[in-house]
Amino acid sequence: MEFLKAKEWNWKISGILLGLIFLITVAVVKPIGVSTQFVILDGILWKSVNSKIIVKDENAKKGYSSPNAYLNKSGGKYAKNVANPFNYSFVFVVAMIIGGFLAHKMQNEPISKEERVIPKIWKQTMGESHLKRYIFAFTGGFLVLFGARMAGGCSSGHMMSGMMQTSISGYLFAFATFLAAIPVAMILFKERR
């Protein structure tokens, strides 16, 4: 367990542990996917200001319905999750946030606040502007989440869970992701001379 207190975790051990967690989760519970939980969180917030957005409905397949077509998908599946959000998937997303925090705290030499805001590689290639960093981070996050919802699932669902289930679409998505991500990273983070 010494690797848990390392300055930087060994990527091989981390990869094996991540793979085991995915294997156990897919085998015991269900495939992992997290982007849908952003929709559920939006629905929870919406319901807090408009109680009519989710209603009990005996005729609905899942027992709940919504006047919003997206929340009403799959026989009211999302509407049910908004009405009862403390399910496996929502708790899993909250646990990911807590796990990230604990991983940060377990490092021998935690990353400085400045390094968290502007990592060295960003500073070397894009400069020291906090505003620029925030704009890029927000825009990137927005595009990833928007694309995930358009595709009906996120990278963890399509790529990681999909590949674990030997889904052709999972392998195609992984190939397309890396086909785009590697050249973009090489262009954005090339060394300045």
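Just above sits the structure.
How each quantity is defined
For every chain, the first residue of the written sequence is number 1, and numbering continues from 1 along that sequence. Per-residue local features of the predicted model are confined to residues with pLDDT of at least 70, and side-chain atom pairs are confined, for both listing and counting, to 80 or more; whole-chain, interface and lining totals are unaffected and use all residues. Hydrogen atoms and water are omitted, and side-chain values are computed over all heavy atoms in the structure. Helical segments are the DSSP runs of H or I of at least four residues, strand segments are the runs of E of at least two, and each set is numbered from the N terminus. We call a residue buried when its accessible area falls under 20% of the maximum for its residue type, exposed when it is over 50%, and partly exposed in between, using a 1.4 Å probe and counting protein chains only. Residues enter patches when their relative accessible area tops 30% and they take part in no salt bridge; the joining distance is 9 Å for like charges and 5 Å for the nonpolar side chains Val, Leu, Ile, Met, Phe, Trp and Tyr. Note on areas: these come from Shrake-Rupley sampling with a 1.4 Å probe, and a residue is covered only by the protein chains present in the view. The salt bridge definition used is simple: a Lys or Arg side-chain nitrogen within 4 Å of an Asp or Glu carboxyl oxygen. Should any heavy atoms of two residues lie within 4.5 Å, those residues are considered in contact. Put simply, two rings from Phe, Tyr or Trp (the six-membered ring, in Trp's case) pair if the centres are within 6.5 Å, and we call them stacked under 30 degrees between planes, edge-to-face over 60, tilted for the rest. By this rule, a helix spans an expected 1.5 Å times one less than how many residues it contains. By the criterion applied in these results, polar contacts are pairs of N or O atoms within 3.5 Å in which, for protein atoms, one can donate a hydrogen and the other can accept it, and in which residues neighboring in sequence qualify only through two side-chain atoms. Within this scheme the basic residues Lys and Arg register as positive and the acidic residues Asp and Glu register as negative, but His and the chain ends are omitted. A charge is said to be at NZ when it belongs to Lys, at CZ for Arg, at CG for Asp and at CD for Glu. Helix axes are fitted only over the stretch in contact, all axes being lines through C-alpha atoms; the angle between N-to-C directions runs from 0 to 180 degrees. An angle below 35 degrees is read as roughly parallel, one above 145 as roughly antiparallel, one from 65 to 115 as roughly perpendicular, and any other as oblique. For this scheme, ten residues count as nonpolar: Ala, Val, Leu, Ile, Met, Phe, Trp, Tyr, Cys and Pro. Four count as charged, namely Asp, Glu, Lys and Arg, and the remainder, Gly too, count as polar. Nine residue types can take part in a nonpolar core, namely buried Ala, Val, Leu, Ile, Met, Phe, Trp, Tyr and Cys, and a core is a set of them joined through side-chain atoms within 4.5 Å.

**What about unusual backbone geometry?**
Even without a glycine there, the phi angle at serine 74 is positive, about 55 degrees. Relative to the helices and strands, serine 74 resides in helix α3 (residues 73-83). Relative accessible area serves as the criterion here: at 49%, serine 74 is assigned to the partly exposed category. Unusually for a residue other than glycine, threonine 166 sits at a positive phi of about 55 degrees. Counting through the fold element by element, threonine 166 comes out in the loop between α8 (155-164) and α9 (168-188). Residue threonine 166 is classed as exposed on the basis of its relative accessible area, which comes to 58%.

**Section: a nonpolar patch on the surface**
A grouping of Ile13, Ile16, Leu17, Leu20, Leu23, Ile24, Val28, Val29 and Met164 is seen on the molecular surface, where their side chains present a nonpolar patch of about 800 Å² in accessible area. By residue number, the principal contributor to the nonpolar patch is helix α1 (residues 11-28), which donates seven residues. Within the secondary structure layout, leucine 20 lies in helix α1. On the basis of relative accessible area, leucine 20 is assigned to the partly exposed category, the value being 43%.

**Digging into the side chain of serine 66**
When you line up the elements, serine 66 lands in the loop between β2 (64-65) and α3. Apart from the residues within four sequence positions on either side, serine 66 is in contact with Ile53, Ile54, Leu71, Asn72 and Ala79.

**Notes on the packing of aromatic side chains**
Enumeration over the complete set of coordinates arrives at six aromatic pairs. Ring centres of tyrosine 88 and phenylalanine 92 lie 5.9 Å apart, and the angle between their planes is 35 degrees; on these two criteria the pair is classed as tilted. A residue pair is termed a helical-turn pair when its members lie 3 or 4 positions apart in one helix, as tyrosine 88 and phenylalanine 92 do in helix α4 (residues 88-106) at four residues. With 5.3 Å between their ring centres and 70 degrees between their planes, tryptophan 122 and phenylalanine 136 make a pair best called edge-to-face. In this pair, tryptophan 122 sits in helix α6 (residues 120-126) while phenylalanine 136 sits in helix α7 (residues 130-151), placing the two residues 14 residues apart along the sequence.

**Remarks on α7**
Across its 22 residues, α7 extends 31 Å between first and last C-alpha, which sits within 8% of the 32 Å expected from 1.5 Å per residue. Between a side-chain oxygen at the N-terminus of α7 and the backbone nitrogen of leucine 131 the separation is 3.4 Å; the capping residue is serine 129. Backbone geometry just after α7 places glycine 152 at a positive phi near 80 degrees.

**Here's the deal with a positive patch on the surface**
Together, Lys30, Lys61, Lys62, Lys77 and Lys80 line one region of the surface with positive charge. Summarising the element assignment, lysine 62 is placed in the loop between β1 (55-56) and β2.

**Notes on the packing of α1 against α8**
For the pair α1 and α8, interaxial distance at closest approach is 10 Å and the crossing angle is 80 degrees. Put simply, α1 runs roughly perpendicular to α8. When α1 is examined against α8, the residues Leu18, Gly19, Phe22, Leu23 and Val26 are found in contact with a partner set consisting of Ser156, Met160, Ser161 and Met164. Counted by class, the contact of α1 with α8 contains six nonpolar, three polar and no charged residues.

**Section: the nonpolar core**
Where a protein is soluble and globular, its nonpolar side chains tend to be buried together. One finds Val39, Ile40, Ile53, Ile54, Tyr64, Leu71, Tyr78, Ala79, Val82, Ala83 and Phe90 forming the largest nonpolar core, which totals 11 residues. At the level of elements, α2 (36-49) and α3 are the ones that each hand at least two residues to this core. Tallying contributions element by element places α3 first for this core, with four residues. Apart from residues no more than four positions distant in its own chain, leucine 71 is found in contact with Val39, Gly43, Trp46, Ile53, Ile54, Ser66, Gly76, Tyr78, Ala79 and Val82.

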